[in-house]
Amino acid sequence: MQRKTNVSLFFITAVLLGFALWKGGPSLAGQGLISGLQQLLRVIPMVAAAFLAAGLMKRLITPKLINHWLGQKAGWRGLFIGWLAGSLIPGGPYVYYPIALSLVHSSIGMGPLMAFVLGKQLSSLERLLVEFPFLGPRLTMVRFALTWFFPLLLALLSSLIWPMAGELPDKEAS
Amino acid sequence: MLTITIVMFAAAALLALAANKKVGPEQTRQGMAEGLRLLRQMGPSLIPAFLIVGLLDVLISTELISSWLGQEAGLRAILIAIAAGVLVAGPPYAIFPIIGGLFRAGAGLGPCVAFVTAWSIANLSLFPFELSLMGPRFTAMRLSLTCLLPLLAGLAASFLG
């Protein structure tokens, strides 16, 4: 994954570099490369802090803790805890979907389950750590302000439509 | 920029204190070491990502970005951004610098918010995990609940921007 990403990123860089050389010669290409490196140097300290924080979060908020929190909570409290757990847990889809599945096995309701998954996707603290340095404060804050409450809202809606998540995952999928 | 850097280091320091208290100094050290290892791992991706940002800066004029992805491009720009958010796969630290660069170069707040929202909930790379672990019914339900969200968030952000 990492390697494939790097190869495709370097490929795109090479294409753009070739285009810049063709369009404006070495001076334009050099200007672009220098501008990119300058921007990279500016964000490096922030990115370092973000990764330190993410590493520490992994020690503090473990899948075991999340499972413990979410045990069998129902109602508003379940929704809220699901959302909080999703927003706090670090890691990509290869971490949170297996946890979501284990929650299904411990017969969690649809509301808290949906709140957990959407919390991870829309109001994740770990994601804010990446968004702030790369997207800048304005874009990050507007994005977060407009979407953070949707996990709770949509989870409530889903629990009204389909109260129990017990039949998940579908037989044909497993 | 400096303020955010300070805030983020403060956040890391607070987390270190909390970890030290909760899980002890050994685990705290391990957590920090893991963070630095992650940084080393993704470092190589950051260099081309930012070279792309710089090259796009000099290659694409502000007018061109504005006319495709700017505030005045309206709904069309938001729809392009949503499609890109679904299709463009890759880790956030490779993709977000490019979005941030486009935003600084004249892309509108609406399309950028729409991209990040669509990328968060409906990027193609999510579905192998979701479909295989949670099954098609959960996936369909989650998508039908959230499918309008990138559009709504993008439109709302357009009004703010």
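Here the residue numbers are simple positions, counted from 1 along each chain's written sequence. Lettering for chains starts from A, numbering for ligands starts from 1, and both go in the order in which the items are written. Where totals are concerned, whole chains, interfaces and linings use all residues; where local detail is concerned, this predicted model gives features only for residues with pLDDT of at least 70, and gives and counts side-chain atom pairs only at 80 or more. Side-chain descriptors were evaluated using all non-hydrogen atoms of the structure, hydrogens and water having been removed beforehand.

## Some words on the packing of helix α3 (residues 74–87) of chain B against helix α5 (residues 109–122) of chain B
Residue and element names in this part refer to chain B.
Next up, step 1: Packing of α3 against α5 leaves a shortest axis separation of 7 Å and a crossing angle of 30°. The orientation of α3 with respect to α5, classified from their angle, is roughly parallel. Of the two elements, α3 crosses α5, and the hand of that crossing is right-handed. In contact with A77, I78, A81, I82, A84, G85 and V86 of α3, α5 contributes G110, P111, A114, F115, A118, W119 and A122.
Next up, step 2: Three classes are used: nonpolar for Ala, Val, Leu, Ile, Met, Phe, Trp, Tyr, Cys and Pro, charged for Asp, Glu, Lys and Arg, and polar for all others, with Gly counted as polar. Tallied by class, residues from the contact of α3 with α5 come to 12 nonpolar, two polar and no charged. To obtain an axis, a line is fitted to C-alpha atoms, over the contacting stretch when the element is a helix, and the angle between two such axes runs from 0 to 180 degrees between their N-to-C directions. Helix and strand labels come from DSSP, where a helix needs a run of H or I of at least four residues and a strand needs a run of E of at least two; each type is numbered from the N terminus. Angles are sorted into four bins: roughly parallel if under 35 degrees, roughly antiparallel if over 145, roughly perpendicular if 65 to 115, and oblique for all others. Each crossing is labelled by how the near helix is turned from the far one, with a counterclockwise turn of less than a right angle marking it left-handed and a clockwise turn marking it right-handed. Two residues form a contact once any of their heavy atoms are found within 4.5 Å.

## Quick look at the domain arrangement of chain B
Next up, step 1: In this entry, domain limits derive from an automatic or database-based domain assignment. According to the domain assignment, chain B consists of domain 1 (1–47) and domain 2 (60–160).
Next up, step 2: On a C-alpha basis, the centres of domain 1 of chain B and domain 2 of chain B stand 28 Å from each other.

## What to know about the packing of aromatic side chains
How two aromatic rings sit relative to each other is given by the distance of their centres and the angle of their planes.
Next up, step 1: Any Phe, Tyr or Trp ring, taking Trp's six-membered ring, that has another such ring centre within 6.5 Å forms a pair; planes under 30 degrees apart are called stacked, those over 60 apart edge-to-face, and the others tilted. Using the criterion set out here, one finds 10 aromatic pairs over all chains in the structure.
Next up, step 2: Measuring from centroid to centroid gives 6.4 Å for F51 of chain A and Y93 of chain B, while their planes differ by 65°, and the two rings are edge-to-face. Separated into two different chains, F51 of chain A in helix α1 (residues 2–60) and Y93 of chain B in helix α4 (residues 92–104) make up a pair that spans both.
Next up, step 3: By relative accessible area, Y93 of chain B is classed as buried at 15%. Three labels apply to residues, based on accessible area from a 1.4 Å probe with only protein chains included: buried if under 20% of the type maximum, exposed if over 50%, partly exposed otherwise in between.

## Considerations on a nonpolar patch on the surface
All names here are of chain B.
Next up, step 1: Residues L75, L79, L155 and F159 make up a contiguous nonpolar surface patch of roughly 430 Å² in combined accessible area.
Next up, step 2: Put simply, the parts of the chain that give the nonpolar patch at least two residues each are α3 and α7 (149–160).
Next up, step 3: Relative to the assigned elements, L155 resides in helix α7.
Next up, step 4: With a relative accessible area of 31%, L155 lands in the partly exposed category. Like-charged residues within 9 Å of one another, or nonpolar side chains (Val, Leu, Ile, Met, Phe, Trp, Tyr) within 5 Å, are grouped into patches, provided each residue has over 30% relative accessible area and no salt bridge. Throughout, the Shrake-Rupley method with a 1.4 Å probe supplies accessible areas, and for residues the shown protein chains are the sole cover considered. Throughout this description, the term salt bridge denotes a Lys or Arg side-chain nitrogen within 4 Å of a carboxyl oxygen of Asp or Glu.

## A word on the nonpolar core
Next up, step 1: Here, nonpolar core refers to any group of buried Ala, Val, Leu, Ile, Met, Phe, Trp, Tyr and Cys residues whose side-chain atoms link them within 4.5 Å. If you look at the biggest cluster of nonpolar residues, it comprises 54 residues, and the most contacted ones within it are I66, L70, L113 and F116 of chain A together with M134 and F138 of chain B.
Next up, step 2: When sequence neighbours within four positions are dropped, the list of residues in contact with L70 of chain A reads G78, I81, G82, A85, L103, I108, P112 and F116 of chain A.
Next up, step 3: Formed by 36 residues, the second largest nonpolar core is a distinct cluster that contains L40 of chain A together with A105, L109 and F115 of chain B.

## Some details on the pattern of salt bridges
Next up, step 1: Following the criterion strictly, the structure yields seven salt bridges over all chains and no others.
Next up, step 2: Note that E126 of chain A is salt-bridged to K120 of chain A, the shortest N-O span being 3.2 Å.
Next up, step 3: Taking the shortest distance from any N to any O, the salt bridge between R127 of chain A and E131 of chain A comes out at 2.9 Å. You can see R127 of chain A and its partner E131 of chain A sitting in helix α6 (residues 125–135), four residues apart, about one turn around the helix. Each member of the pair, R127 of chain A as well as E131 of chain A, is classed as buried.
Next up, step 4: A single network of salt bridges, built from pairs that share partners, joins K58 and R59 of chain A together with E34 of chain B.

## Focus on α5 of chain B
Because each turn of an α-helix spans 3.6 residues, side chains separated by three or four positions end up pointing in the same direction.
Next up, step 1: One fewer than the residue count of a helix, multiplied by 1.5 Å, yields its expected span. The end-to-end C-alpha distance of α5 of chain B, which contains 14 residues, comes to 20 Å, matching closely the 20 Å that a straight helix rising 1.5 Å per residue would cover.
Next up, step 2: Counted residue by residue, α5 of chain B has 14 buried out of 14 residues, so it is predominantly covered.

## Let's talk about the interface of chain B and chain A
Next up, step 1: Contact with chain B, which involves 79 residues of that partner, is made by 81 residues of chain A.
Next up, step 2: Buried area: the sum, over both parts, of the accessible surface (1.4 Å probe) that disappears when the two are put together. Between chain B and chain A, a total of about 7300 Å² is buried, with carbon and sulfur atoms accounting for 79% of that surface.
Next up, step 3: On the chain B side of the interface with chain A, the three residues burying the most area are M8, L59 and M134 of chain B, jointly 9% of the side's total.
Next up, step 4: Across the pair E34 of chain B and K58 of chain A runs a salt bridge, and its minimum N-O distance is 3.4 Å.

## Details of the packing of helix α2 (residues 62–69) of chain B against α3 of chain B
Residues and elements named next belong to chain B.
Next up, step 1: Interhelical geometry of α2 versus α3 gives an angle of 90° and a closest axis separation of 7 Å. In terms of axis orientation, α2 runs roughly perpendicular to α3. Contact residues: S67, W68 and L69 in α2; R76, A77 and I80 in α3.
Next up, step 2: Taken together, the residues that form the contact of α2 with α3 break down as four nonpolar, one polar and one charged.

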